[in-house]
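Now for the letters of each chain:
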Amino acid sequence: MYVITAPTSTIGRDVVAGLLDRGTPLRLVVRDAERLAPEVRERVEVVEGSHGDPAVIDRACTGAEAVFWLAPGDSSASSVHAAYVDFTRPACEAFVRHGVRRVVGISALGRGTPQAAHAGPVTASLAMDDLIGASGVSYRAVTCPSFMHNLLHQVGALKEQGMFFLMADPDLKSPMVASRDIAATATRLLLDDSWGGSGEVACLGPEDLTPTDMAETLSDVLGRSIGYRQVPGEALKERLTGFGSSEAMAQAMVDMFDAKNQGMDKAEPRTAESTTATTFRQWCEEAVKPAVLS
């Protein structure tokens, strides 16, 4: 039995689909089973509730061989430590108690960099990885840079203003990755029973891009001029708190983007294994263009 947390998330959905395609028996931990597609719900076991709840994750891990772990990063949390490390602590106890053989988690690039200690969610994600690894379960953290799919939050700005907005330096080349490539890597690791111990596997996308590069690609794909504007940290923080983020979590996001602007995501060497398939142009054609033109 394979346990999948956050199965309705962008990455989790693709992990579920990939494992079901291979006939893998699945148990999904989900707050609301109605959010699962009917064709998925009829083929899996469901445990309703939060995977941060000790009773829920304990029930889910009974008889489990492997677990896909994705901490949701609650934007209203009192701290990033609470959102990632404290949230994961009951799961680590359940992994050990039920003899789970391997866990694959979604995490971030940055380990070993000068910025890693002050990078908000990245810092907390790395501490979460250390916690899981210290439990003794075999663990692989799939470490990622910024996700391409985050740009879908700006479909309105692309439509109405012909612009997108980030904290990123307009001329800083950094890796970007498609969520389906992250899911494919996680799925491969879950199905591979040959590895042990604790480690990381990076997903870097196929190329490094600046926001200026992204704007040029978006302009070409959408057939209209798209611009980019760098947002100051204070403006991002104000926007996030306006949408309901706690002060601590909003500041943590600013800290993360500051760290990325200092080159944190560039520290991971690009290899054949870490270079994933989906290009930014391909992703824009398949995801952004339909959303903007609808």
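For the structure, check the block above.
Residues numbered from 1 in each chain as written. Predicted model: local features only at pLDDT ≥ 70, side-chain atom pairs only at ≥ 80, totals over all residues. Heavy atoms only, no water.

A. Looking closely at the sheet that holds strand E7 (residues 146–147). With mixed pairing, 3 strands are arranged side by side in an open sheet as E7-E9-E11. Pairing within the sheet leaves two strands with one partner each, and these edge strands are E7 and strand E11 (208–209). Pairing of strand E9 (residues 174–177) with E11, which is carried by 2 bridges, proceeds in the antiparallel orientation. Across the sheet, residue proline 175 finds its bridge partner in E11, namely aspartate 208. (Pairing = 2+ DSSP bridges. Helix = DSSP H or I, 4+ residues; strand = E, 2+ residues; numbered from the N terminus.)

B. Representation of helix H1 (residues 10–21) within the structure. Between its terminal C-alpha atoms H1 stretches 17 Å, which fits the 16 Å expected from 12 residues at 1.5 Å a residue. Taken as a whole, H1 has its buried residues at Ile11, Gly12, Val15, Val16, Gly18, Leu19 and Leu20. Just downstream of H1, glycine 23 is the residue with a positive phi angle, here 75°. (Expected span 1.5 Å × (residues − 1). Buried < 20%, exposed > 50% of the residue type's maximum accessible area, 1.4 Å probe, protein only.)

C. Local environment of the environment of threonine 276. With respect to the helices, strands and loops of the structure, threonine 276 is situated in the loop between helix H10 (247–261) and helix H11 (280–293). Taking the relative accessible area as the measure of exposure, threonine 276 reaches 9% and is therefore buried. Separated by 215 residues in the primary sequence, threonine 276 and cysteine 61 have C-alpha atoms spaced 30 Å apart. With residues near it in sequence (within four places) discarded, threonine 276 still touches Val177, Asp181, Cys203, Leu204, Gly205 and Pro206. Of the polar contacts made by the side chain of threonine 276, one reaches the backbone nitrogen of glycine 205; its length is 2.9 Å. (Contact = heavy atoms within 4.5 Å. Polar contact = N/O pair within 3.5 Å; in protein donor to acceptor, adjacent residues only side chain to side chain.)

D. Main features of the pattern of salt bridges. Under the counting rule described, the total for this entry stands at 16 salt bridges. As a salt-bridge pair, glutamate 65 and arginine 101 come within 3.6 Å of each other at their nearest N and O atoms. Of this pair, glutamate 65 sits in the loop between helix H3 (54–61) and strand E4 (66–69) while arginine 101 sits in the loop between helix H4 (80–97) and strand E5 (102–108), placing them 36 residues apart in sequence. In this structure glutamate 65 comes out as partly exposed when scored by relative accessible area, which is 23%. Between aspartate 213 and lysine 173 there is a salt bridge; the shortest N-O distance is 2.8 Å. (Salt bridge = Lys/Arg side-chain N within 4 Å of Asp/Glu carboxyl O.)

E. Region of the structure containing the sheet that holds E4. Pairing is parallel in the open sheet, where 7 strands are placed in the order E3-E2-E1-E4-E5-E6-E10. At either margin of the open sheet sits one strand with a lone partner, and together these are strand E3 (45–48) and strand E10 (198–202). Each strand axis lies, on average, 20° off the axis of its neighbour in the sheet, ignoring direction. Taken together, the 7 bridges between E5 and strand E6 (residues 138–144) define a ladder with parallel strand orientation. Bridge pairing in E6 places glycine 105 opposite alanine 141. (Axes fitted to C-alpha atoms, helices over the stretch in contact; angles between N-to-C directions.)

F. Up close: helix H8 (residues 211–222). If you check H8, its first and last C-alpha atoms are 16 Å apart, about what 12 residues at 1.5 Å a residue would give, namely 16 Å. Of the positions making up H8, those classed as buried are Pro211, Asp213, Met214, Ala215, Thr217, Leu218, Val221 and Leu222. Those residues of H8 that are buried are in contact with helix H6 (155–161), strand E8 (163–166), E9, E11, strand E12 (227–230) and H11. Directly beyond the C-terminal end of H8, a positive phi value near 70° is found at glycine 223.

G. Representation of the environment of threonine 212. Within the element layout of this structure, threonine 212 appears in helix H8. On the basis of relative accessibility, which here comes to 32%, the residue threonine 212 falls in the partly exposed class. If we ignore the near neighbours within four places in the chain, the residues touching threonine 212 are Pro170 and Asp171.

H. Local environment of the side chain of threonine 210. Residue position: threonine 210 is located in the loop between E11 and H8. Filtering out sequence-adjacent residues up to four positions away, threonine 210 remains in contact with Pro170, Asp171, Leu172 and Lys173.

I. Structural detail: unusual backbone geometry. Backbone geometry at alanine 6 places phi at a positive 50°, although glycine is not the residue there. In this structure, alanine 6 sits in the loop between strand E1 (2–5) and H1.

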